[in-house]
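What follows is each chain in one-letter form.
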Amino acid sequence: MAKRRKLGRGVAVVGAGMSRFGMFRDRDSKDLFAEAFRDMTASVDKGLDPADIDALYLGNFSNDYFMRQSHWGPLISDLVGITPKPATRTEGACASSALAFREGVFAIASGFYDIVLVGGVEEMSKRTTEEVAEGLALATVPYEGKAGFTFPGVFGAVATAYFEKYGAGREHLMNVTIKSHENAPLNPKAQYPYTIRDMMEAKKASLEKRGIPVPEWEDEKAFLRDSKVNPVVAWPMHLYDCCPISDGASCMLLVAEEIAKNFTDEPVYLAGMGQGSGRGFHASEALTYFEATRYAAKEAYGMAGMGPEDVQFAEVHDCFSIAEIIHIEDLGFFREGEGYKAVEEGRTRLAGPKPINTSGGLKCKGHPVGATGISQLYEVWTQLRGKAGARQIPNKNLRVGAAHNLGGTGGTCTFTILERR
Amino acid sequence: MEERAFNDISYEKFLREEKLMGSRCKGCGRLYVPPRPLCIECHGAEMEWVRMKGEGRLAAFTCITVPPPFMMAQGYNRKNPYCTGVVELAEGGRVDARIVGVDPTNPETIRVGMPLKVKFLHWEEDGKKETFLAFEPA
């Protein structure tokens with residue numbers, strides 16, 4: 001049994017912000033982070049003087065590759081006007097900013113700093129799809145890259161192994177996509193704020209307008225089965241199984257628990273957190289789950305003194321539809337091999353007993369990889385404070401939520417539990 | 001067997017010689033393909049080379065229509081996808097490998113569990129020689 005972890009002193013989240021996510025031709029990493037920063041400062045109920053920030057931890061996966069610019073820590077500390085305070089960049093592929101969050105927590109828990117800005121940023125859309133595929137594939141293990149695996153490819157392969165073992169199929173993946181797209185229009189920051197039905201109707205209208213015969217799609221699944229609108233990317237991953245290419249930024253203000261009330265009467269507290277590392281897909285224990293997620297979850301639940309049943313809702317790393325099914329099993333929300341049934345039964349919908357990805361998830365909200373981890377925690381924080389507007393979970397006693405972030409092909413996984421006391 | 005470091009450079013070099021090689025821990029006997037310099041079972045550091053028979057079964061696969069640039073250079077694209085997968089070797093352990101001799105435009109005909117045998121794909125571009133590990137239906 002792993003040692004039960006605890007912090008030297010408690011840490012609270014007193015502010016959170018994110019930019020709109022999307023593909024922006026005329027926006028860059030700096031003004032996206034500025035948007036997230038302004039959103040965060042506005043969320044601090046009793047106000048924040050940025051001069052009080054002790055340090056910055058910034059997650060960024062690979063603006064080095066995407067923008068030919070590295071060393072983003074000081075660029076961002078300068079942007080928000082806190083130089084010469086220290087700025088440190090963290091990298092864990094798509095889990096880069098979850099690592100920044102953890103570093104911020106450690107820095108406060110150790111007693112070294114009291115007020116820490118943590119954030120993430122990524123600017124991907126100025127590259128072609130193929131270049132982005134190559135850039136992301138830098139975070140696979142070398143053998144995967146050499147064999148021609150892309151990220152959708154690895155998750156496609158995971159899906160074939162999962163289908164074979166549990167008898168699930170493509171139709172079950174569609175349930176995840178349809179569910180996430182139900183939440184998306186309720187999120188004003190989402191890259192694709194549309195339901196699948198919205199997209200189907202828009203497609204019909206556009207075909208009609210151009211005088212092209214309109215296919216008879218009787219429902220969303222028929223639309224998704226049509227390879228003209230939903231082509232294969234990496235079998236069985238089709239376009240609508242994959243998160244988009246995105247630009248965006250996110251940030252949070254972490255403070256020592258004892259000063260949290262100076263910032264807000266409604267702090268959200270860190271209850272538990274865990275991080276795991278994993279081997280390449282080919283060398284993992286099984287091809288149908290992620291060991292690193294399971295380890296991270298065990299650590300986080302142990303630290304929080306909680307179990308999966310205590311987590312009322314979660315954001316999970318649905319970079320691909322199959323990933324969401326696997327994560328909700330790995331995190332203990334549903335039994336191994338039964339995640340796809342839970343989604344089919346509607347248990348993970350906004351009004352269901354275990355809402356998953358109320359933000360629309362990576363699939364609809366967008367996935368600027370370095371910004372994703374903290375944007376997930378932003379959603380959990382927003383829900384816990386009852387400020388999620390139209391997508392607020394219809395539960396008056398929302399107290400505990402969590403975020404799961406995955407980097408690479410499961411090489412870095414984190415699980416973070418936040419609570420309202 | 002000649003002395004070669006237990007690393008990816010040697011693994012690639014052996015592939016160019018049409019050998020699929022792994023390392024075996026002299027302490028506990030655990031086999032690793034691709035090779036590892038350190039045993040993650042008993043933490044021993046004494047390894048020996050072992051040649052694989054090149055037989056296995058398909059454990060997972062995908063057919064890719066949006067390839068990275070180096071695969072596009074080999075002629076793959078949205079109209080001409082390729083299959084790649086994870087192969088469980090007869091000796092145990094799994095490797096990532098291209099899957100050839102199957103129809104990537106018809107992925108429903110490719111089955112997890114199908115028996116495979118090794119094939120080495122040699123590639124030369126601008127004088128640079130490379131070998132890709134592949135498997136085909138046995």
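In this text, all values refer to a predicted model and were calculated from it rather than measured experimentally.

Chemist: Honestly, the overall build of chain B in this entry has me stumped. Any pointers?
Modeler: Looking only at helices and strands, chain B has 2 helices and 8 strands in total. The linear arrangement of helices and strands in chain B, starting from the amino end, is α-β-β-β-β-α-β-β-β-β. For the C-alpha atoms alone, the extent of chain B along its principal axes is close to 50 × 35 × 20 Å.

Chemist: Sorry, what's going on with the domain arrangement of chain B here?
Modeler: Frequently, the measure chosen for interface size is the accessible area that the parts lose on association. Residues and elements named next belong to chain B. Assigned domains of chain B: these are domain 1 (8-51) and domain 2 (55-137). Domain 1 and domain 2 are separated by 22 Å when their C-alpha centres are compared. Taken residue by residue, the interface counts 9 residues in domain 1 and 10 residues in domain 2. Counting only elements with at least two residues in the side of domain 1 that touches domain 2, the list comes to α1 (8-16) and β2 (31-32). Taken together, the residues that form the side of domain 1 that touches domain 2 break down as 6 nonpolar, 1 polar and 2 charged.

Chemist: I keep staring at the interface of chain B and chain A and nothing clicks. Help me out?
Modeler: Between chain B and chain A, the residue contacts involve 27 residues of the former and 29 residues of the latter. Take the side of chain B that touches chain A: its biggest share by element is 6 residues, from strand β4 (residues 55-64) of chain B. Among the residues making up the side of chain B that touches chain A, the classes are represented as 19 nonpolar, 4 polar and 4 charged.

Chemist: Looking at this structure, I do not really get helix α9 (residues 196-209) of chain A. What am I missing?
Modeler: Spacing of three or four residues puts side chains on the same side of an α-helix, whose turn is 3.6 residues. Taking 1.5 Å of rise per residue, the 14 residues of α9(A) would be expected to cover 20 Å, and the 20 Å separating its terminal C-alpha atoms lies within 8% of that figure. Two residues or fewer past α9(A), A:G211 is found with a positive phi of approximately 70°.

Chemist: How should the sheet that holds strand β9 (residues 313-315) of chain A be read in this particular structure?
Modeler: Backbone-to-backbone hydrogen bonds join strands into a sheet, with any given pair of strands oriented parallel or antiparallel. Residue and element names in this part refer to chain A. One open sheet accounts for 9 strands, arranged β3-β2-β4-β7-β1-β8-β11-β10-β9; its pairing is mixed. At either margin of the open sheet sits one strand with a lone partner, and together these are β3 (87-90) and β9. Along the sheet, successive strands turn relative to each other by an average axial angle of 25°, direction set aside. Pairing between strand β10 (residues 400-407) and strand β11 (residues 412-419): 8 bridges, direction antiparallel. Bridged to G407 within β11 is T412. Relative to the sheet, helix α4 (residues 96-109) contacts β1 (11-18), β2 (55-59), β3, β4 (115-123), β7 (247-256), β8 (268-277), β10 and β11, its axis offset from that of β4 by approximately 170°.

Chemist: Looking at this model, I keep getting lost on the environment of A:R5. Mind explaining?
Modeler: On the secondary structure map, A:R5 appears in the segment before β1. Beyond its immediate stretch of four places on either side in the chain, A:R5 contacts A:E299, A:G302 and A:M303.

Each value, and the rule that gives it
Residues numbered from 1 in each chain as written. Chains lettered and ligands numbered in written order. Predicted model: local features only at pLDDT ≥ 70, side-chain atom pairs only at ≥ 80, totals over all residues. Helix = DSSP H or I, 4+ residues; strand = E, 2+ residues; numbered from the N terminus. Domains from an automatic or database assignment. Contact = placed C-beta atoms within 7 Å. Nonpolar A, V, L, I, M, F, W, Y, C, P; charged D, E, K, R; others polar. Expected span 1.5 Å × (residues − 1). Pairing = 2+ DSSP bridges. Axes fitted to C-alpha atoms, helices over the stretch in contact; angles between N-to-C directions.

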